[in-house]
Structure formats: C-alpha cells, structure tokens
Amino acid sequence: MTTKKTELISVSGSMTPSVSVSWAAANARRLARQGLVAPSGGGPAAVTRAMVGAHAQVLSAAELSVALRLDGGETRESVRHALWTDGSLVKTFGPRGTVHLLPSADLPLWTGALGALPAGRNPLPGSVRMNEEETDRVVAAIADALAEDDLTVDELTDAIVARTGPWAGDLVMDAFQTKWPRWRQMTHTAAHRGALCFGPNRGRKVTYTNPHRLLPGFTPLGGPEALAGLVERYLYAYGPATPGHFAKWLTVPVTWARELFETLGAEGRTERVVHEGAAAWVVAGDAGFPAGPAARGVRLLPYFDAFTIASQPRERLFAGAAYERALAGGQAGNFPVVLVDGIVAGVWHQRRSGKWLDVTVEPLRPLTAGQRAELEEQVERTGEILQGTPRLTVGTVAVGPHA
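A.B. asks: Where do I start with the overall build of the protein in this structure?
C.D. replies: A count of helices and strands for the protein gives 15 helices and 17 strands. Its C-alpha atoms give the protein a radius of gyration of 22 Å, near enough to 22 Å, the size a compact globule of 403 residues would have. Each principal axis of the C-alpha atoms in the protein carries an extent, and together these give about 65 × 60 × 40 Å. Considering only intrachain contacts with a sequence separation of at least 6, the fraction spanning at least 24 residues in the protein is 63%. For the protein, the exposed surface amounts to about 17600 Å²; the carbon and sulfur share of it is 52%.

Laid out in structure tokens, this is it:
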C-alpha cells in the first residue's frame, strides 16, 4: 500500500491535512474492488453490491456485467437464478430512476436513500403532473394492488384506477408514439418508497410486484442513515470522489450533495484526500491505495457497465480518442467499451444470430500480440457467459450509441 503523504490543502476556508492519491492508484483500486482484476467467488449478489448496483435497462448487458466479474464458468444463468429463483437479486428502479439489479438484502438501504433524495424539476406539463396527495394515493394503491400477485402494466392500471379513480388512468403521458396513463410518472417513486419492483416477465410482458413479497417485513431504512450508507458504499467502490461526482451519479443538486458530504465528514464517516490536485473524499480509514504499477490486461465491458458510469474524472478513464469515440455526447455507458490496462481504448458490439455471437472490436490504438491474445480470451469468455459461439472481427463498429 502507498505511504500516506501528508499535505496541507485549503478546504472550505480551512487548512486540512490530507493524503495525496494519484489517478492511476485510484483507478487500480477501483478495478480491483470491481472484480475487474481478479474474479469474485462471492456470487451475483455480492458482485452487484461491490458494483453499487448493475444498470439493467438492457437486461442482457446487466447479466454480462455481473457474470464477467464472477469466477470462470459462471454464465448469465447464474444471474437469472439469483434474480428469479433464489431472490438474492431484485430488479427495480435505482440511481437516476433507471432500471437496476440490486441485492435484495440491501433494498432497505436503497429505498431509504433513494426515497430521501431531493425532488428534481418535473418536466411534465402542469395538466399532466400529480400533486403530493395524488402521488401518495397512487403509491398506496400500487402497494396494495401488488401485495398478493404480479401484475402487468395494464392489470396494474386497472387496479390503481379501481382504488383511486379514473384520473390516475387518464392517457396523458407522451411515450413512444402512444399515451401512457397518468400514474406511470410515479413508477420510480413507488419503487423508491418500497412499494414496487419488477416481477418475472409474463411472455413478452413486463410484470411488477411488491418487494414485501420477496422480503417479508421489509421496511425502508431511515433517510439519514440510508444516505450515509449509500455514500459510504459509493466511496468505497469509486473513491476518491467529490460531491459533484456523487451528484452526477445520482442526478441530484451538487449543493445538496456537498452539504451531505460535509455532514458525514463532520460525523467522522468520511475523510478528505487530495485527488487530481483537488479535494476529494473516501470512507474514513480507507485512504490506502496500491503502490504498484497500473492495472494490466484487456477487458470487454458491456453497455452501461457500472465502472464506466461511476468512475471519475471521466476524461482520465476515457483518455485521448476514447473521449470522442466512446462517449455519446459525454454520456458514459452508451457504447460497450474495451479496457486496455485500465483505461478505455476501444469500443465493441455483439450481434446474435442463432448459435453464433458475432463480436466486432474497434481498437483505438494498436494492440500488442499479447493484448490481441487477451482480447480473444475475453471474446471467448463473453460467448461463454451469453451462451453463444463467438466469432471475432477486429474492425470498425458501425452501430451507433444506445439510445
């Protein structure tokens, strides 16, 4: 581990002793804690906890994200078993209101924290929005309707309308060239309050269920303690980080995140370090970083992998040509990426055709013979996880970013 280098830096008008952490050391620790240096034997729930949630808007990408961090031989079926059979994972609305896989045992912390976030600006027209009383009624109706069964969106709409009145089912929300019922603007709110999560698909139809059916007696953790726990998990996985990095990850106001970090620092739960020449935060007592060389090796990460979304500063991870090629307007996750020695050095795409999995990799710099061999191993592992026979092409990825 590195020797702590004590300096004096000015933070919020005061001189504070701090440890200096290079980006290379921070990145190496993040990669190790993410299971991207050596695989984890802890199972899908433990891996997902280390990632601080797996983005699952594209469920196959989430399955790959989790499985590639598991010991060799595990496939997407391991993730599906954890999600739909043993219930150790839950699919729900997580950070940024987007679909995530989370450890079921952590749902009290997640719902407590997400339910305590400041409300953002509502972009919907006034005629479409729901007020606080209507929101409370809809969330209560959702919890009651899902208490005994999994329901499709249409079934849930009927159940909510029966409990609240026809206004909740008014088709007023623009969505994909159609109209959604009014209540659907509160889907993620219901999830964050612990009233809703995803159930198994019924054919091609999505279903929702009540998380109390997965965790009897489940209650969201109190807001302050839950937020502190979420900050600690985020910093353990992705620190050093600033309040701005945390705010970007959650899509919350920076001023609110700054106040939260200051409070936790005053309570002794976090501490400051110097990272990239500026003040940043780590969990208290967790300021040790690797002293050796940067991480080596080639890795393929799918759409919306947690490492590429949460690691900051982004311009260091997406260095040089990668910043233009692998980010969609500055948005991480919209391209699957190739990591070479811990930084983004290419993009890739896979297409399924029967048993074949055609993988196209576009390196942004020449690969050595050793790196090419590692790339081929990664493609083989991807095929194993996704249960297809891979065929590798090194060339231009013509597919654009995921919307």
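A.B. asks: Is there a simple way to think about the nonpolar core in this case?
C.D. replies: The nonpolar side chains of a soluble globular protein tend to be buried with one another. Ranked by size, the top nonpolar core spans 107 residues in total, and within it Leu-156, Leu-196, Phe-246, Trp-249 and Phe-318 carry the most contacts. Here the element with the most residues in this core is helix α9 (residues 223–238); it accounts for nine residues. When near neighbours in sequence (up to four residues on either side) are disregarded, Leu-156 contacts Ala-145, Leu-146, Leu-151, Trp-183, Leu-196 and Tyr-208. Counting residues in each nonpolar core, the second largest holds nine residues, with Ala-25, Ala-26, Val-273 and Ala-280 among its members.

A.B. asks: Sorry if this is basic, but what is going on with the packing of helix α6 (residues 132–145) against helix α7 (residues 153–164) here?
C.D. replies: How two helices sit against one another is set out by the angle between their axes and by the gap between those axes. Interhelical geometry of α6 versus α7 gives an angle of 120 degrees and a closest axis separation of 9 Å. Here α7 runs oblique to α6, going by the angle between their axes. By crossing handedness, the relation of α6 to α7 is classed as right-handed. For the pair α6 and α7, contact is made by Arg-137, Val-138, Ala-141, Ile-142, Asp-144 and Ala-145 and by Leu-156, Ala-159, Ile-160, Arg-163 and Thr-164, respectively. Taken together, the residues that form the contact of α6 with α7 break down as seven nonpolar, one polar and three charged.

A.B. asks: Sorry, what's going on with the environment of Val-298 here?
C.D. replies: Mapped onto the secondary structure, Val-298 falls in strand β13 (residues 298–301). Using a relative accessible area of 2% as the deciding quantity, one classes Val-298 as buried. For the pair Val-298 and Asp-158, spaced 140 residues apart in the sequence, the C-alpha separation amounts to 50 Å.

A.B. asks: Just checking my understanding: could you explain α7 for this structure?
C.D. replies: In an α-helix, one turn spans 3.6 residues, which is why side chains three or four residues apart end up on the same side. Taking 1.5 Å per residue as the helical rise, α7 with its twelve residues ought to reach 16 Å, and the 16 Å between its terminal C-alpha atoms agrees with that figure. Taken as a whole, α7 has its buried residues at Val-153, Leu-156, Thr-157, Ala-159, Ile-160 and Thr-164. All buried residues of α7 project into a common sector of 170 degrees when viewed along the axis, lining one side. Turned more than 90 degrees from where α7 packs its buried face, Asp-154, Asp-158 and Ala-162 sit exposed. Where α7 is buried, its residues touch α6, β6 (151–152), β8 (178–181) and β10 (205–209).

A.B. asks: Could you clarify how one ought to interpret the side chain of Thr-189 in this entry?
C.D. replies: By the secondary structure assignment, Thr-189 is in helix α8 (residues 187–192). Not counting chain neighbours up to four residues away, the residues in contact with Thr-189 comprise Thr-135 and Val-139.

A.B. asks: Would you mind showing me how to read the sheet that holds β6 here?
C.D. replies: Strand pairing in a sheet relies on backbone hydrogen bonds, with the paired strands running either antiparallel or parallel. The three strands are arranged β6-β10-β9 in an open sheet whose pairing can be described as antiparallel. Either end of the sheet is taken by a strand with one partner, and the two such strands are β6 and β9 (197–202).

A.B. asks: What should I look at first to understand the sheet that holds strand β15 (residues 343–353) in this one?
C.D. replies: Strand order in this open sheet of five strands is β13-β14-β15-β16-β17, and the pairing throughout is mixed. Two strands lie at the open edges of the sheet, namely β13 and β17 (389–394), each paired on one side alone. Mean inter-strand twist for the sheet, computed between neighbouring axes without regard to direction, equals 30 degrees. Sheet analysis places strand β14 (residues 337–340) next to β15, joined by four bridges and oriented antiparallel. Across the sheet, residue Val-337 finds its bridge partner in β15, namely Val-347.

A.B. asks: Whenever I open this one, the packing of helix α10 (residues 243–250) against helix α11 (residues 254–266) confuses me. Can you help?
C.D. replies: It is at 8 Å that the axes of α10 and α11 come closest, and there the two elements cross at 125 degrees. Judged on the interaxial angle alone, α11 and α10 are oblique. Handedness of the α10/α11 crossing: right-handed. Between α10 and α11, the residues in contact are Pro-243, Gly-244, Phe-246 and Ala-247 and Val-254, Trp-256, Ala-257, Arg-258, Leu-260 and Phe-261, respectively. Taken together, the residues that form the contact of α10 with α11 break down as eight nonpolar, one polar and one charged.

A.B. asks: Just checking my understanding: could you explain the confidence of the model for the protein for this structure?
C.D. replies: Close inspection of predicted coordinates is inappropriate in any region flagged by low pLDDT. The predicted model of the protein has a mean per-residue pLDDT of 92, with 95% of residues at 70 or higher. Confidence over residues 1–15 falls short of pLDDT 50; this stretch has 33 contacts with residues more than four positions distant or in other chains.

A.B. asks: I keep staring at the packing of aromatic side chains and nothing clicks. Help me out?
C.D. replies: A ring pair, where both rings are aromatic, is described by two values, the distance of the centres and the angle of the planes. Inspection of every chain in the model, using the stated rule, returns eleven aromatic pairs. A centroid spacing of 5.9 Å and a plane angle of 40 degrees characterise the contact between Phe-246 and Trp-249, whose relative ring orientation is tilted. Placement of the pair is Phe-246 and Trp-249 together in helix α10, with a separation of three residues, close to one helical turn. Judged on exposure class, the residue Phe-246 and its partner Trp-249 are both buried. Site record: aromatic cluster; members linked through ring pairs are Trp-110, Tyr-234, Tyr-238, Phe-246, Trp-249, Phe-261 and Trp-281. The side chain of Arg-29 reaches across the aromatic face of Phe-289, ending 3.7 Å from its centre. The aromatic ring of Phe-198 is capped on one face by Lys-91, whose charged end is 4.7 Å from the ring centroid.

A.B. asks: Sorry if this is basic, but what is going on with the pairing of strand β4 (residues 89–93) here?
C.D. replies: When a strand is regular, its side chains alternate between the sheet's two faces. Where burial is concerned, most of β4 is hidden: five out of the five residues are buried. A two-sided burial pattern is seen for β4, the buried positions comprising Leu-89, Lys-91 and Phe-93 on one face and Val-90 and Thr-92 on the other. Sheet analysis places β4 next to strand β5 (residues 99–103), joined by five bridges and oriented antiparallel. Within β5, the residue paired with Leu-89 across the bridge is Pro-103. Hairpin geometry of β4 and β5 is characterised by an intervening segment of five residues between the two adjacent antiparallel strands and by a positive phi of about 65 degrees at Arg-96.

Scoring rules and cut-offs
- Every chain begins its residue count from 1, and numbering advances along the sequence as written.
- Where totals are concerned, whole chains, interfaces and linings use all residues; where local detail is concerned, this predicted model gives features only for residues with pLDDT of at least 70, and gives and counts side-chain atom pairs only at 80 or more.
- Water and hydrogen atoms were dropped before computing side-chain values, which therefore reflect all heavy atoms in the structure.
- Only DSSP runs of H or I reaching four residues or more are called helices, and only runs of E reaching two or more are called strands; each is numbered from the N terminus.
- All radius of gyration figures rest on C-alpha atoms, and the globule criterion is 2.2 Å times the number of residues raised to 0.38.
- Any two residues whose heavy atoms approach within 4.5 Å at even a single point are treated as in contact.
- The Shrake-Rupley method, run with a 1.4 Å probe sphere, supplies the accessible areas, and residue values consider only the shown protein chains as cover.
- Remark: nonpolar core denotes a set of buried residues (Ala, Val, Leu, Ile, Met, Phe, Trp, Tyr, Cys) joined through side-chain atoms within 4.5 Å.
- Burial here depends on accessible area, computed with a 1.4 Å probe over protein chains only, as a share of the maximum for the residue type. Under 20% is buried, over 50% is exposed, and the range in between is partly exposed.
- Helix axes are fitted only over the stretch in contact, all axes being lines through C-alpha atoms; the angle between N-to-C directions runs from 0 to 180 degrees.
- The cut-offs work like this: below 35 degrees is roughly parallel, past 145 is roughly antiparallel, 65 to 115 is roughly perpendicular, and the gaps in between are oblique.
- Put simply, a crossing is left-handed when the front helix is turned counterclockwise from the back one by less than a right angle, and right-handed when it is turned clockwise.
- Residue polarity is assigned by list, with Asp, Glu, Lys and Arg as charged and Ala, Val, Leu, Ile, Met, Phe, Trp, Tyr, Cys and Pro as nonpolar; anything else, Gly included, falls into the polar class.
- Between the first and last residue of a helix there are one fewer steps than residues, each counted as 1.5 Å, and that sum is the expected span.
- In this description, the arc belongs to the directions extending from the helix axis to the C-beta atoms.
- At least two bridges found by DSSP between two strands are what make those strands a pair.
- The quantity called pLDDT is the predictor's confidence in a given residue, expressed from 0 to 100.
- Any two of the Phe, Tyr and Trp rings considered here, Trp counted by its six-membered ring, make a pair once their centres fall within 6.5 Å; the pair's planes then place it as stacked at under 30 degrees, edge-to-face at over 60, or tilted in between.
- A positively charged side chain is recorded as over a ring if its NZ (Lys) or CZ (Arg) lies within 6 Å of the ring centre. The angle to the ring normal must also be within 35 degrees.

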